[in-house]
Amino acid sequence: MKIFDTLQRRKIDFEPIEPGKVGIYVCGPTVYNLIHIGNARPMIVFDTFRRYLEYKGYDVNYVSNFTDVDDKIIKAANEAGVPSSEISEKYIAECKKDMSDLNVKPATVHPQATKEIDGMIKMIQTLIDNGHAYVAEDGTVYFAVGTDKGYGKLSHKDMNEMMSGLRDLKVSGEEQKKDPNDFVLWKPKKEGEPYWESPWCEGRPGWHIECSVMSQKYIGDTIDIHCGGEDLIFPHHENEIAQSECATGKPFCNYWMHNGFLKINNEKMSKSLGNFFTVRDITAQYDPMVLRLFILSAQYRTPLNFSKELMDQTKASYERILNCTDKLKELMGKAAALGMTEAENEGKAQAEQFIKDFEAAMDDDNNTANAETAVFELVRLANATTDESSSKEYIEYISGVIRTLCDGVLGVISERKTESLDTEIEELIAKRQAARKAKDFKTADAIRDQLNAMGIILEDTKDGVKWKKA
Ligand code: AMP
Ligand code: ZN
């Protein structure tokens, strides 16, 4: 399997540190409002990558944090007049709901910055002790970028260039930095902000240190793969490398994977530009699986432009998958338990080729676009090679392949959701029957109208009330 490594700027063969095991760290969202569909891109593409590693038999330790202390969270909390933990807990729960709707598997661990402060203080102290960090007069602790020879290697920035570019920069409050490139590890509290005791001042951690500490605690000093959006390459990930490698003396991460942006009108979708749709906006209009299928329709490093037209096209493609599994389910009920015919054996051989294509796509740097193509080929094959005379064995085989690749690896649920609708309809019918029994015909008629409006037609039969879709 090959991965494009941002640090080496090329595709390289993947070798885990420990055979059969993979430790992945994915930078998670800052939780101060609902996530937008751009934030959902790393969640979906790296969840799919994780699922593929599991499909290949790896034991995956998948760690993804929630940044729950940050200026934006504090601002939202102050505006609402509540503690910042109330805002972050609320939006962690909302984010988990979106993830579940999008069929993103929960991480092995979802650490939260505010619960890992002790570890951050320890790592900062180590960096001060070994000369990579210093404490300014007001208690701010800075990482001294000039002490790290490798600084800039991930983002391919030249330190001398950065220095000359920043030489004249005087940001207010930052005059105490020894070098304009130095970054904050710990900062003093301000009025109305949450804070923790530390050897330097009452305050809170900088953003970057949390990921260095949490990846070390839950994976180890060296992690296999680190993922996130490409906007995190600099400074966030560059700074994580600096902190971790200077604290442990070991390489921080073996493979760096960065997703490209989800765009709208060719501009990055972001909260600050105001050009975003939340996951909630989209799932109110489309099945969440349509969004998942759309996000996976591009290789994760390429930019992806969002539009209603593309979503509608994807919706139609998703319907093709659902229609196919509907058909297979129906045929399964009728099929004879016979062995495969010669023609079905040929169908199986074609399916095996599509499985190979799927794996080749995923082995080529998580190319979900080509993997989707292989799934659509399978759907086409399943439609073309099954009918009422098909054997149970063949239908089971082809349904199983779709379930494994589409549902299992791509995380796109291939079966039409009917259960909740069925339950709702059954409940309304029961209510209508009860109303009729009580001679409350007005209510009974109103329920019939409501069901009609849902496209449900009722039929009174000798076996009771039956319903069908109009
Ligand atoms: P944030 O909450 O801004 O730290 O973002 C959480 C994750 O979403 C990070 O990995 C970002 O790189 C990623 N992200 C934010 N906006 C976009 C976008 N428009 N397209 C793709 N990824 C994004
Ligand atoms: Zn991070």
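Below is a short write-up of the structure. Remember, predicted model here, so these are calculated numbers, not experimental data.

**Details of the overall build of the protein**
Here is step 1 of the chain: Counting secondary structure elements, the protein contains 15 helices and 15 strands.
Here is step 2 of the chain: When the backbone C-alpha atoms are referred to their principal axes, the protein occupies close to 85 × 60 × 40 Å.
Here is step 3 of the chain: A buried classification covers 49% of the 470 residues belonging to the protein.
Here is step 4 of the chain: Partitioning the contacts of the protein with sequence separation of at least 6, the portion at a separation of at least 24 is 75%.

**Focus on unusual backbone geometry**
Here is step 1 of the chain: Cis peptide bonds are those with omega within 30 degrees of zero, and the linkage from Phe234 to Pro235 qualifies with 5 degrees.
Here is step 2 of the chain: Summarising the element assignment, Pro235 is placed in helix α7 (residues 233-248).
Here is step 3 of the chain: Residue Asn103 is not a glycine yet carries a positive backbone phi of 60 degrees.
Here is step 4 of the chain: Its place among the elements puts Asn103 in the loop between α3 (84-101) and α4 (117-129).
Here is step 5 of the chain: For Asn366, which is not glycine, the phi torsion reads 55 degrees and is therefore positive.

**Focus: the pairing of strand β2 (residues 10-13)**
The two faces of a sheet get side chains in turn, since along a regular strand they alternate between them.
Here is step 1 of the chain: Note that strand β1 (residues 2-5) and β2 share four bridges and pair antiparallel. Across the sheet, the residue bridging to Ile3 is Ile12, located in β2.
Here is step 2 of the chain: Counting the residues that bridge the hairpin from β1 to β2 gives four residues, and of these Arg9 lies at a positive phi of roughly 55 degrees.

**Considering the sheet that holds strand β4 (residues 59-64)**
Here is step 1 of the chain: With respect to topology, four strands assemble into an open sheet ordered β4-β3-β9-β10, the strand pairing being parallel. Pairing within the sheet leaves two strands with one partner each, and these edge strands are β4 and β10 (253-259). Neighbour-to-neighbour, the strand axes of this sheet turn through a mean angle of 20 degrees, independent of strand direction.
Here is step 2 of the chain: Pairing of strand β9 (residues 223-229) with β10, which is carried by six bridges, proceeds in the parallel orientation. Pairing of Ile225 across the sheet is with Tyr255, part of β10.
Here is step 3 of the chain: Here helix α6 (residues 207-218) sits on the sheet and contacts β3 (21-26), β4 and β9; the angle it forms with β3, its principal contact strand, is near 160 degrees.

**Re the packing of aromatic side chains**
Here is step 1 of the chain: Here the structure, examined in full by the defined rule, presents ten aromatic pairs.
Here is step 2 of the chain: Consider the rings of Phe14 and Tyr58, whose centres lie 6.0 Å apart with planes at 70 degrees: the pair is edge-to-face. With a gap of 44 residues between them, Phe14 in the loop between β2 and β3 and Tyr58 in the loop between α1 (37-55) and β4 connect regions that are remote in the sequence.
Here is step 3 of the chain: For Phe14, a relative accessible area of 6% gives the class buried.
Here is step 4 of the chain: On the basis of an interplanar angle of 25 degrees and a centroid distance of 5.6 Å, the ring pair of Tyr52 and Tyr55 is categorised as stacked. Residue Tyr52 and its partner Tyr55 are located together in helix α1, separated by three residues, close to a single helical turn.
Here is step 5 of the chain: Assessed through its relative accessible area of 29%, Tyr55 is described here as partly exposed.
Here is step 6 of the chain: Put simply, the rings of Phe14, Tyr58 and Tyr255 touch in pairs and so form one group of aromatic residues.
Here is step 7 of the chain: One Lys or Arg, Lys157, reaches over the ring of Phe234 and ends 4.6 Å from the middle of that ring.

**Considerations on the site of ligand 1**
Here is step 1 of the chain: Residues in close proximity to ligand 1 total 16 residues, the closest being Gly38, Gly229, Asp231, Leu262 and Met269.
Here is step 2 of the chain: One nitrogen or oxygen atom from the side chain of Asp231 is found 2.4 Å from an oxygen atom belonging to ligand 1.
Here is step 3 of the chain: Here a nitrogen atom of ligand 1 and a backbone polar atom of Leu262 are 2.7 Å apart.
Here is step 4 of the chain: Starting from 490 Å² of accessible surface for ligand 1 in isolation, the protein chains cover 89%.
Here is step 5 of the chain: Among the detected pockets, ligand 1 sits in the largest pocket.
Here is step 6 of the chain: Those elements that provide at least two residues to the shell around ligand 1 are α1 and β9.
Here is step 7 of the chain: Element by element, the count of residues in the shell around ligand 1 is highest for α1, at three residues.
Here is step 8 of the chain: When grouped by side-chain class, the residues that make up the shell around ligand 1 number six nonpolar, eight polar and two charged.

Rules of the game
Residues numbered from 1 in each chain as written. Chains lettered and ligands numbered in written order. Predicted model: local features only at pLDDT ≥ 70, side-chain atom pairs only at ≥ 80, totals over all residues. Heavy atoms only, no water. Helix = DSSP H or I, 4+ residues; strand = E, 2+ residues; numbered from the N terminus. Buried < 20%, exposed > 50% of the residue type's maximum accessible area, 1.4 Å probe, protein only. Contact = heavy atoms within 4.5 Å. Pairing = 2+ DSSP bridges. Axes fitted to C-alpha atoms, helices over the stretch in contact; angles between N-to-C directions. Phe/Tyr/Trp six-rings, centres within 6.5 Å; stacked < 30°, edge-to-face > 60°. Lys NZ or Arg CZ within 6 Å of the ring centre and 35° of its normal. Near = heavy atom within 4 Å. Polar contact = N/O pair within 3.5 Å; in protein donor to acceptor, adjacent residues only side chain to side chain. Areas by Shrake-Rupley, 256 points an atom, 1.4 Å probe, with all protein chains shown as cover. 1 Å grid on protein atoms, 1.4 Å probe; cavity = no way out; pocket = protein on both sides within 12 Å on 5 of 7 lines; lining within 4 Å. Sits in = over half its atoms within 2 Å of the grid points. Nonpolar A, V, L, I, M, F, W, Y, C, P; charged D, E, K, R; others polar.

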